[in-house]
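Examining the three-dimensional arrangement
Residues per chain, in single letters:
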Amino acid sequence: MVPMPQDPATIAASATPPRVARKIKGLSDRAIAWIFVGPTIFLLLAINIFPLIWTIRLSFTNFKANRNREVEWIGTRNYERILTDSDIWLNMQATAHFLFWTIFFQVLIGFTLAYLINKKFKGNDLWTTIIVLPMMLSPAVVGNFWKFLYQPQIGLFNYIVAFFTGKDPSSFEMLGSVQLAPWSIVIVDTWMWTPFVMLICLAGLRSIPDYIYEAAEVDRASKLRQFFTITIPMVLPFLMLAVLFRGIENFKMFDLVVQLTGGGPGSTTELTSINLKREAFEKWRTGYASAYAIILFVTVFGLASIYVKALNKVKER
Amino acid sequence: MKTFKLASVSALSLVAASMASTAQADDLTLCWAAWDPANALVELSKEFEEQSGHSMSFEFIPWPNFADRMLNELNSGGKLCDLLIGDSQWIGGGAENGHYVKLNDFFDAEGISMDDFAEATVYAYSTWPKGTPNYYALPAMGDANGWFYRKDWFGREDIQAAYKEATGQDLREPQSQKELLQIAQFFQEREIDGQTVYGASIFTERGSEGITMGVTSALYPWGFKYENTPGSYDMDGAVNSPEAVEALEFYKEFYETATPPGYTNSYMGESLDAFKSGQVAMAMNWFAFFPGLYADPNTGGDKIDFFVNPPQNQAGSTLGGQGISVVAYSDKQDAALEYIKWFANPDVQAKWWSLGGYSAHNSVLNDPGFKDSAPFAGDFLEAMGGVQDFWQEPAYAELLLAMQKRLHDYIVADQGTAQEALDKLVEDWTEVFEDEGKL
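Only a predicted model underlies this, so the values are computations on that prediction, with no experimental measurement involved. (Residues numbered from 1 in each chain as written. Chains lettered and ligands numbered in written order. Predicted model: local features only at pLDDT ≥ 70, side-chain atom pairs only at ≥ 80, totals over all residues.)

Time to look at the overall build of chain B. Per the secondary structure count, chain B includes 19 helices and 12 strands. Whereas a compact globule of 439 residues would reach a radius of gyration of roughly 22 Å, chain B reaches 24 Å, a difference of no more than 12%. On the principal axes, the C-alpha backbone points of chain B span a range of 105 × 50 × 35 Å. Considering chain B as a whole, with its 439 residues, one finds that 49% of them fall into the buried category. A separation threshold of at least 6 residues defines the contact pool for chain B, and within that pool the share at least 24 residues apart is 74%. (Helix = DSSP H or I, 4+ residues; strand = E, 2+ residues; numbered from the N terminus. Rg over C-alpha atoms; globule rule 2.2 N^0.38 Å. Buried ≥ 20, exposed ≤ 12 C-beta atoms within 10 Å, placed from the backbone. Contact = placed C-beta atoms within 7 Å.)

Residues and elements named next belong to chain B. Reading across from one edge, β2-β1-β3-β11-β4 is the order of the 5 strands in this open sheet, with mixed pairing throughout. Here the strands that pair on one side only, and so sit at the sheet edges, are β2 (55-61) and β4 (138-141). When the angles between neighbouring strand axes are averaged without regard to direction, this sheet yields 30 degrees. Helix α2 (residues 36-52) contacts β1 (27-33), β2 and β4 of the sheet and is inclined by roughly 170 degrees relative to β2. (Pairing = 2+ DSSP bridges. Axes fitted to C-alpha atoms, helices over the stretch in contact; angles between N-to-C directions.)

This paragraph deals with the sheet that holds strand β5 (residues 145-150) of chain B. Residues and elements named next belong to chain B. If you trace the 5 strands from one edge of the open sheet to the other, you get β6-β7-β8-β5-β9, paired in mixed fashion. Because the sheet does not close on itself, it has two edges, and the strands there are β6 (190-192) and β9 (304-308). The sheet shows a mean angle of 35 degrees between the axes of neighbouring strands, taken without regard to direction. Inspection of the sheet shows strand β7 (residues 195-201) paired to strand β8 (residues 280-286) by 3 bridges, in the parallel sense. Bridge pairing in β8 links S201 to A283.

With that out of the way, let us pick up the domain arrangement of chain B. Interfaces are often described in size by the accessible area the parts lose on coming together. All names here are of chain B. Here chain B is described as being made up of domain 1 (27-143 + 320-388) and domain 2 (145-318 + 395-435). In this assembly, 25 residues from domain 1 lie in contact with 25 residues from domain 2. Going through the elements one at a time, α2, α3 (63-75), α4 (91-96), α17 (377-384) and β12 (387-388) are the ones with two or more residues in the side of domain 1 that touches domain 2. Of the residues in the side of domain 1 that touches domain 2, the class split is 14 nonpolar, 7 polar and 4 charged. (Domains from an automatic or database assignment. Nonpolar A, V, L, I, M, F, W, Y, C, P; charged D, E, K, R; others polar.)

On to the domain arrangement of chain A, then. Taken domain by domain, chain A comprises domain 1 (8-58) and domain 2 (79-316). Here the C-alpha centroids of domain 1 of chain A and domain 2 of chain A sit 40 Å apart.

Residues and elements named next belong to chain B. The N-to-C vectors of helix α11 (residues 242-258) and helix α19 (residues 418-435) enclose an angle of 120 degrees; their axes lie 9 Å apart at closest approach. Relative to α19, the element α11 lies oblique. For the element pair α11 and α19, the recorded crossing hand is right-handed. In this structure, α11 contributes A244, V245, L248 and E249 to the contact, and α19 contributes A418, Q419, A421 and L422. Residue composition of the contact of α11 with α19, by class: 6 nonpolar, 1 polar and 1 charged. (Parallel < 35°, antiparallel > 145°, perpendicular 65-115°, else oblique. Left-handed = near helix turned anticlockwise from the far one by under 90°.)

This part covers the interface of chain A and chain B. Of the residues lining the interface, 24 residues belong to chain A; the matching set on chain B comes to 22 residues. Each residue belonging to the side of chain A that touches chain B can be placed in one class, and the counts come to 6 nonpolar, 13 polar and 5 charged.

Time to look at unusual backbone geometry. Residue G264(A) is joined to P265(A) through a cis peptide bond whose omega torsion reads -5 degrees. Take P265(A): it is sitting in the loop between α12 (255-260) and α13 (272-282). The amide bond that connects W128(B) to the next residue, P129(B), takes the cis arrangement and shows omega of -5 degrees. Considering the arrangement of structural elements, one finds P129(B) in the loop between α6 (119-125) and β4. A positive phi angle, near 60 degrees, is found at W284(A), a position not held by glycine.

All names here are of chain B. Locating F117 in the fold gives a position in the loop between α5 (104-110) and α6. Looking at F117, the number of C-beta atoms within 10 Å reads 27, which means it is buried. Setting aside anything within four residues of it in sequence, one finds F117 in contact with V122, P139, A360, H361 and N362.

Shown next, in the form of structure tokens:
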């Protein structure tokens with residue numbers, strides 16, 4: 001007798017050991033679904049939800065992880081302290097400054113680069129590769145070599161600025177000056193992450209079908225009009241997505257800034273994430289740091305939710 | 001009978017096994033900072049390995065991460081280190097949080113007397129609560145913040161004449177903090193052998209302890225005190241006294257007028273680099289580095305000399321150095337204690353000094369030949385006579401980071417006045433001690 005040809009699903013089913021097959025046989029589809037989803041839910045609860053609940057609990061105590069003393073319930077004292085601490089508001093301001101300007105420059109330059117790269121020209125691929133190089137580097141490496149570039153006596157950055165302005169290269173300190181240090185970290189982050197925004201914009205630009213531009217040409221729409229009525233609206237969801245990614249990333253920016261300035265001079269570039277790390281793992285004020293983390297979480301979560309709603313509205317248009 | 005024999009053999013085997021285990025060789029891990037004296041200790045410890053049969057491993061952490069790494073290790077009850085040469089400020093936390101083994105009984109049993117060690121080092125590195133005969137460490141490495149300078153530049157006739165003309169005084173090792181600043185300002189941006197040089201490199205580092213160690217080297221000579229009455233935590237009027245304000249303003253002026261450009265975040269490494277590269281006429285740093293500096297082929301030998309932190313209203317130097325402790329979480333405490341016993345031996349202490357470590361043992365320090373044994377030995381003795389240390393409280397990290405912030409905000413970021421910086425520091429410290437239940 002010639003064996004009947006079998007489809008792959010039947011082959012896979014017949015490969016299931018008889019004992020397991022017998023066990024699964026009696027289960028409903030819902031139960032099988034739970035078996036598959038269960039481990040993921042368990043992991044999610046164990047590594048996301050439980051720590052969050054535990055952090056909320058700790059935020060109402062005076063717990064210090066490095067001390068063997070009784071933990072006291074202190075109500076909302078940690079929250080009150082944080083929200084009335086002028087130094088923390090300065091950290092928030094420094095973070096807001098960093099966030100706003102990095103996103104502004106990255107979107108502006110990233111979109112411009114994507115627009116240029118999207119034009120067909122010789123060496124297009126090579127330029128794309130060269131432009132995306134910075135985002136492939138480690139933030140620690142980037143921080144270290146920009147530190148040398150900013151060095152007032154031997155740094156290339158100072159010499160380039162001096163070349164164009166006629167100033168003495170050692171007459172200004174990018175990392176040591178209160179006025180310049182916040183801009184120095186904006187420059188480095190922009191240098192590193194603009195390619196990321198560029199790639200997302202490029203994906204957006206390449207998703208616009210050519211026939212739309214052709215139709216616009218038939219309607220004798222100018223290039224400027226095509227740009228504002230076709231290109232920008234169709235790239236906008238991609239652009240907003242890039243802003244969301246960069247916003248969340250830069251809100252928790254740590255490594256690059258620590259390498260560059262360590263939060264200084266003074267506390268000028270001490271972003272909230274750096275300050276939070278100091279409170280949690282250098283001062284070991286665990287309860288206080290938990291409250292701080294919850295405040296930051298609520299801020300990011302709230303802002304991101306509003307933003308995602310706006311993003312969805314733009315997509316629906 | 002057969003059962004009895006079996007039991008006897010088993011019992012004997014157990015005893016033999018336990019005896020073998022007490023005599024067995026352990027692999028001890030000693031943790032410390034990665035710097036010149038650590039290399040000397042590796043050399044010294046070879047003798048211990050030969051004598052005891054134990055082998056030694058070393059975990060040396062770069063200074064900027066030393067406190068973070070080691071305190072995390074202790075706080076998590078880690079078993080990485082059997083022996084730890086920890087900073088003097090950790091002694092309070094080490095004792096109260098149960099990280100360090102109390103050594104009193106061991107010292108009594110082995111005849112190790114704390115009277116054999118310099119009093120200032122025992123007080124600073126070993127005792128908690130401060131000054132009580134409760135010992136958690138053996139003084140391992142005496143240290144203080146001192147100064148070194150380009151002796152060859154100071155000795156040049158053209159430079160001496162220029163200094164005389166500029167200040168009306170002779171160029172010499174500074175006898176006061178203000179003279180130190182005057183000399184540094186004289187050298188600032190001066191052309192020497194076709195190169196622009198600068199006054200001095202001082203500590204301005206923000207992340208760990210740098211700027212605090214630098215500023216206290218000015219505060220102590222001005223008569224700074226942490227409390228109005230020792231042990232009272234009554235800081236208002238002491239920490240922010242007029243003398244403290246004057247000292248802080250002095251340090252800011254020093255930073256602004258007599259240091260190389262870009263020295264906004266410099267500590268030990270940057271100070272050494274600036275001096276060795278011929279950028280500065282003077283530099284502050286820990287005595288621990290002085291043997292290496294003296295041996296440097298380019299800027300050491302005849303080109304360098306050393307001086308103790310100059311006085312102002314009084315003599316005063318910032319204490320460095322560490323004691324060696326047995327970590328309470330170690331499974332090899334017996335072998336670790338053996339190491340301490342060996343290390344406390346006067347002969348070993350003499351060898352420790354000869355290799356470049358700073359012994360705190362009186363037999364070494366009181367030796368008539370000690371002062372002449374190295375060009376910086378006399379200065380070291382003088383410095384150790386007037387040392388002051390930062391808080392050694394269990395909450396020392398909070399106290400230190402608060403001071404780092406207030407000092408850096410004022411000196412480097414130029415925010416507010418010295419009085420405001422110290423007033424805010426009092427507020428920060430008061431909050432810490434309130435949280436600790438001490439106020």
